[in-house]
Amino acid sequence: MLNKNNLIKIGLIMVTGIVLAILNATLGRYQLRILNLAGIYIVLGLSLNLINGFTGLFSLGHAGFMAVGAYASALLTMSPAQKSVNFFVKPIVPFLANIEIGFLPAIIIGGVVAAIVGAVLAAPILRLKDDYLAIATLGFGEIIRVVFTNTQSLTNGALGLKGLPSYTNTGYTWTIVIITIAFMFSLRRSSYGKAFMAIREDEIAAESMGIDLFKHKLLAFTIGSFFAGVGGALLAHLMGTIDPLMFRFLMTFNILLIVVLGGIGSISGTIISAIIVTISMEWLRFLDGPIDLGFAVIHSVPGMRMVLFSLLLMIVILYYQHGLMGQDEITLEFVKEKLKRFKKKEA
Amino acid sequence: MSILRTDSITMKFGGLTAVSELSLNIPTNGIVGLIGPNGAGKTTIFNMITGVYTPTTGNIIFDKIDITGMKSHLITKNGIARTFQNIRLFKDLTVLDNVMIANHLRLKSNIISSVLRTPDYRKKEGHILKKSILLLEQTGLIEYKDDKASSLPYGKQRKLEIARALATEPKLLLLDEPAAGMNPQESIELMEFVKEIRDAFDLSVLMIEHHMQVIMGVCEKIYVLDYGVNIAEGNPEEIQNNPKVIEAYLGVDE
Ligand SMILES: Nc1ncnc2c1ncn2[C@@H]1O[C@H](COP(=O)(O)OP(=O)(O)OP(=O)(O)O)[C@@H](O)[C@H]1O
Ligand SMILES: [Mg+2]
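Residues numbered from 1 in each chain as written. Chains lettered and ligands numbered in written order. Predicted model: local features only at pLDDT ≥ 70, side-chain atom pairs only at ≥ 80, totals over all residues. Heavy atoms only, no water.

## Considerations on the pattern of salt bridges
Then comes step 1: Per the counting criterion, the structure on display carries 17 salt bridges over all chains.
Then comes step 2: The salt bridge partner of Lys-129 of chain A is Glu-203 of chain A, with a shortest N-O separation of 3.5 Å. Placement of the pair is Lys-129 of chain A in the loop between helix H6 (103-122) and helix H7 (130-150) and Glu-203 of chain A in helix H11 (residues 203-208), with a sequence separation of 74 residues.
Then comes step 3: Across the pair Arg-106 of chain B and Glu-169 of chain B runs a salt bridge, and its minimum N-O distance is 3.6 Å. Within this pair, whereas Arg-106 of chain B is found in the loop between helix H3 (95-101) and helix H4 (111-116), its partner Glu-169 of chain B is found in the loop between helix H6 (154-167) and strand S8 (172-176), the two being separated by 63 residues in sequence.
Then comes step 4: Its relative accessible area of 24% is what places Arg-106 of chain B among the partly exposed residues.
Then comes step 5: When salt bridges that share partners are traced, they join Lys-129, Glu-203 and Lys-217 of chain A into one network. (Salt bridge = Lys/Arg side-chain N within 4 Å of Asp/Glu carboxyl O. Helix = DSSP H or I, 4+ residues; strand = E, 2+ residues; numbered from the N terminus. Buried < 20%, exposed > 50% of the residue type's maximum accessible area, 1.4 Å probe, protein only.)

Shown next, in the form of structure tokens:
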């Protein structure tokens, strides 16, 4: 199948790989961390985009599924010794005490466990529409978080887990990013992806076209949760420390911000916006500290960054609902079209 | 032979009886009309037949199967497709995608092979694509294939709804006011079109319509509904001369 389009795709992946390899070799630790973070947010953004953007299910529980993936993978990769150091209040449940597996299987299991939890929680409420669904899913995130805070011998409760092996690196993260992107494009192009979009466009019409709403919504939610779990696993092994507070609503908000900024439903929009948001979150860190304006000093206001991002989200929703890309994609045709227009303007 | 039979179906919404003890009989390969003043309960009948509502009492038998209370998507799978009074296309998707989606229910591939694009899936997808293109050609929509559904002129949108319904491979097609918003010329074309698809796709049609010219011109049998009650049935000539019908329509002259 070496036609032109596939060649271009392979070329693109290779170029991305080379660029990443160069970045990996030249960037410092701090920048590399941001590069990984950006990749993780791409995976998370795309997973929420599948649920919210493709299928039109307004879900606000994403952080919960990330938490499941993060904890499940962390409990599998930590060494028995590290675990016993962590679980000093109450010993860890015996069946997890001595397990230690590699990162890749741990990521996959993290995703699968998140998918199962997502499916089980979503099944009873998928009948709900719009705002009601949003409210119910908002509950998920909190339920998961509270459960994790209180299952001392499984999650170490509020103390969290410390000293996870720092397995996440550019190679792991970006391989998963590329697989996720390919998956999303392929899914959307497939009959199932189109069925998801039909549900988003008009549920009643979709059902009358023979689409089983429950089955397809559950499918979208489960796959989305899987990738949320994978993202959570990567994040956990980048941070090295996880605790339930990391996965409160603010985390979902960040991902939602990425999806909305990028254009709900657009894969390329989500990718670009994930990168922009990650970098600016870091770049704007100074906002949380004291700011010297030359003539006056503003006292440090922790959370100032989030105020700015919240304002940005409001502005986008008020004036620019399509986000960066609307539902469009940066495809070859799209680029050709833009170039043509650009050339016309030149002439 | 009848393709659809309703046995005395009633639909109550709280205190309101929208449809009362209605017994329809749609002959196989027939084109049957359903008329009545606004609010008579016509769309409610479609909603019961397609599983949107479950009749309060009574049964619906389709192709020898009792489909009363069956889920909408399963009814479609069994072979009933419909259009909507207020067009319900997948607006932001292309004309071709609208039709392709209607094939999804007959696709026998799971999600994994679809995403991995296995040879088997690609074969099936190719088949659906070919079938959809053919259908767009038959319905005269092929030139709009890559346009957004919402960008089509009104009459074409109605046609696309029919094409999309046909793509589900129905044995019975329910049309809810297909000529609404069409000019007289388009309405006449629609009459011919309904006959054509009946023959080409070997199906039966039940249509709601306010344009009497269309109904009288195309239907072999007509049911008249007033306040949820079936007040007359018969061929166009019988209906036109039925005093009860004339009375129900008095002042609703069309
Ligand atoms: N879901 C519902 N809940 C309550 N009442 C309803 C519902 N659906 C329909 N009705 C009522 O049932 C009656 C019949 O409505 P229906 O839509 O079937 O009429 P119709 O014959 O299709 O009219 P029109 O020609 O205007 O389309 C109306 O009084 C309507 O208000
Ligand atoms: Mg109606």
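Let us keep going from here.
## Let's talk about the coordination of the magnesium ion (ligand 2)
Residues and elements named next belong to chain B.
Then comes step 1: With distances of 1.9 to 2.1 Å, the protein atoms coordinating the magnesium ion (ligand 2) are Thr-43 (OG1) and Gln-85 (OE1). One end of the pair, Thr-43, is in helix H1 (residues 42-49); the other, Gln-85, is in the loop between strand S7 (80-82) and H3, and 42 residues separate them in sequence.
Then comes step 2: Residue classification places Thr-43 among the partly exposed positions, given a relative accessible area of 24%. (Donors = N, O, S within 2.8 Å, 3.2 Å for Na, K, Ca; no water.)

## Digging into helix H12 (residues 213-239) of chain A
Residue and element names in this part refer to chain A.
Then comes step 1: Between the first and last C-alpha of H12 there are 38 Å, a value that for 27 residues agrees with the 39 Å anticipated at 1.5 Å per step.
Then comes step 2: The backbone nitrogen of Phe-214 lies 3.3 Å from a side-chain oxygen of the residue at the head of H12, namely Asp-212.
Then comes step 3: Looking one or two residues past H12, Gly-240 carries a phi angle of roughly 85 degrees, positive in sign. (Expected span 1.5 Å × (residues − 1). Polar contact = N/O pair within 3.5 Å; in protein donor to acceptor, adjacent residues only side chain to side chain.)

## A short note on the interface of chain A and chain B
Then comes step 1: Every contact between the two is made by 29 residues of chain A and, on the other side, 29 residues of chain B.
Then comes step 2: Both sides of the chain A and chain B interface together cover about 2,600 Å² of buried area, and 62% of this is carbon and sulfur.
Then comes step 3: For chain A, the biggest contributors to the area lost against chain B are Tyr-192, Lys-194 and Met-209 of chain A; these three give 26% of the whole.
Then comes step 4: When the shortest N-O distance is used, the salt bridge between Asp-97 of chain B and Lys-194 of chain A registers 3.2 Å.
Then comes step 5: Classifying every residue of the side of chain A that touches chain B gives 15 nonpolar, 7 polar and 7 charged. (Contact = heavy atoms within 4.5 Å. Buried area = accessible area lost by both parts, 1.4 Å probe. Nonpolar A, V, L, I, M, F, W, Y, C, P; charged D, E, K, R; others polar.)

## Observations concerning the pairing of strand S10 (residues 221-226) of chain B
Residues and elements named next belong to chain B.
Then comes step 1: Counting buried positions along S10 yields 5 of 6 residues, so the element is predominantly enclosed.
Then comes step 2: Where strand S4 (residues 31-35) and S10 come together, 4 bridges link them in parallel fashion. Bridge pairing in S10 links Ile-35 to Val-224.
Then comes step 3: Sheet topology note: the S10/strand S11 (residues 229-234) ladder contains 5 bridges and is antiparallel. Along S11, the bridge assignment pairs Ile-222 with Gly-234.
Then comes step 4: Adjacent in sequence and paired antiparallel, S10 and S11 are bridged by 2 residues, among which Tyr-227 carries a positive phi angle near 45 degrees. (Pairing = 2+ DSSP bridges.)

## Section: the environment of Ala-206 of chain A
Then comes step 1: Tracing the backbone through its elements, the reader meets Ala-206 of chain A in helix H11.
Then comes step 2: A relative accessible area of 0% means that Ala-206 of chain A is categorised as buried.
Then comes step 3: Separated by 92 residues in the primary sequence, Ala-206 of chain A and Ile-298 of chain A place their C-alpha atoms 54 Å from one another.
Then comes step 4: Among all residues touching Ala-206 of chain A, those that are not within four sequence positions of it are Ala-198, Ile-199, Ile-211 and Leu-213 of chain A together with Phe-90 of chain B.

## A closer look at the packing of aromatic side chains
Within a pair of aromatic rings, the relevant descriptors are the distance that separates the centres and the angle that separates the planes.
Then comes step 1: Tallied over the full model, the rule gives 9 aromatic pairs over all chains.
Then comes step 2: Ring geometry for Phe-103 of chain A against Tyr-167 of chain A: centres 5.3 Å apart, planes inclined by 40 degrees, an arrangement best described as tilted. Of the two residues, Phe-103 of chain A sits in helix H6 while Tyr-167 of chain A sits in the loop between strand S1 (161-162) and helix H9 (170-189), which places them 64 residues apart along the sequence.
Then comes step 3: Since its relative accessible area comes to 31%, Tyr-167 of chain A is described here as partly exposed.
Then comes step 4: Between Phe-140 of chain A and Phe-221 of chain A the ring centres are 6.2 Å apart and the planes differ by 85 degrees, which places this aromatic pair in the edge-to-face class. One end of the pair, Phe-140 of chain A, is in helix H7; the other, Phe-221 of chain A, is in helix H12, and 81 residues separate them in sequence. Neither Phe-140 of chain A nor Phe-221 of chain A differs from the other in exposure class; each is buried.
Then comes step 5: Here the basic side chain of Arg-164 of chain B rests over the ring of Phe-90 of chain B, its NZ or CZ set 4.7 Å away from the ring centre. (Phe/Tyr/Trp six-rings, centres within 6.5 Å; stacked < 30°, edge-to-face > 60°. Lys NZ or Arg CZ within 6 Å of the ring centre and 35° of its normal.)

## Some remarks on the site of ligand 1
All names here are of chain B.
Then comes step 1: What surrounds ligand 1 is a group of 14 residues, the closest being Lys-42, Thr-43, Thr-44, Tyr-53 and Gln-85.
Then comes step 2: Measuring from an oxygen atom of ligand 1, one finds a backbone N or O atom of Ala-40 at 3.2 Å.
Then comes step 3: For ligand 1, whose unbound accessible area comes to 640 Å², protein coverage reaches 64%.
Then comes step 4: Among the elements of the structure, strand S2 (16-22) and H1 are those that each provide at least two residues to the shell around ligand 1.
Then comes step 5: Considering each element in turn, the shell around ligand 1 owes the most residues, 3 residues, to H1. (Near = heavy atom within 4 Å. Areas by Shrake-Rupley, 256 points an atom, 1.4 Å probe, with all protein chains shown as cover.)

## Brief notes about the sheet that holds S10 of chain B
Residues and elements named next belong to chain B.
Then comes step 1: Pairing within the open sheet is mixed, and its 6 strands lie in the order S7-S8-S9-S4-S10-S11. Of all strands in the sheet, those with a lone pairing partner are S7 and S11, marking the two edges. When the angles between neighbouring strand axes are averaged without regard to direction, this sheet yields 20 degrees.
Then comes step 2: Along the sheet, H1 contacts S4, S7, S8, strand S9 (204-208) and S10; its crossing angle with S9, the most-contacted strand, is approximately 145 degrees. (Axes fitted to C-alpha atoms, helices over the stretch in contact; angles between N-to-C directions.)

## Points about a positive patch on the surface
Then comes step 1: Where like charges cluster on the molecular surface, the positive patch consists of Lys-4, Lys-336, Lys-338, Lys-340, Arg-341 and Lys-344 of chain A.
Then comes step 2: With 5 residues, helix H16 (residues 332-346) of chain A is the single largest residue contributor to the positive patch. (Patch = residues over 30% accessible without salt bridge, like charges linked within 9 Å, V, L, I, M, F, W, Y side chains within 5 Å. Lys, Arg positive; Asp, Glu negative; His and termini not counted. Charge placed at Lys NZ, Arg CZ, Asp CG, Glu CD.)

## Some points on the nonpolar core
Then comes step 1: Residues Leu-161 and Ile-242 of chain A together with Leu-160, Leu-173, Met-207 and Val-224 of chain B are the most contacted members of the largest nonpolar core, which totals 155 residues.
Then comes step 2: Leu-160 of chain B has contacts with Leu-89, Val-95, Asn-98, Val-99, Leu-136, Leu-141, Ala-149 and Leu-152 of chain B, leaving out every residue within four places of it along the chain.
Then comes step 3: Within the second largest apolar cluster, 26 residues are counted, among which are Ile-9, Val-19, Val-32 and Phe-62 of chain B. (Core = buried A, V, L, I, M, F, W, Y, C linked by side-chain atoms within 4.5 Å.)

## Examining the pairing of S4 of chain B
All names here are of chain B.
Then comes step 1: Extensive coverage of S4 is indicated by the burial of 5 of its 5 residues.
Then comes step 2: The alternating pattern of S4 places Ile-31, Gly-33 and Ile-35 on one face and Val-32 and Leu-34 on the opposite face, and all of these are buried.
Then comes step 3: Pairing between S4 and S9: 4 bridges, direction parallel. When the sheet's bridge partners are listed, Val-32 is paired in S9 with Leu-206.

Take it as geometry only, folks, not as evidence of what the structure does.
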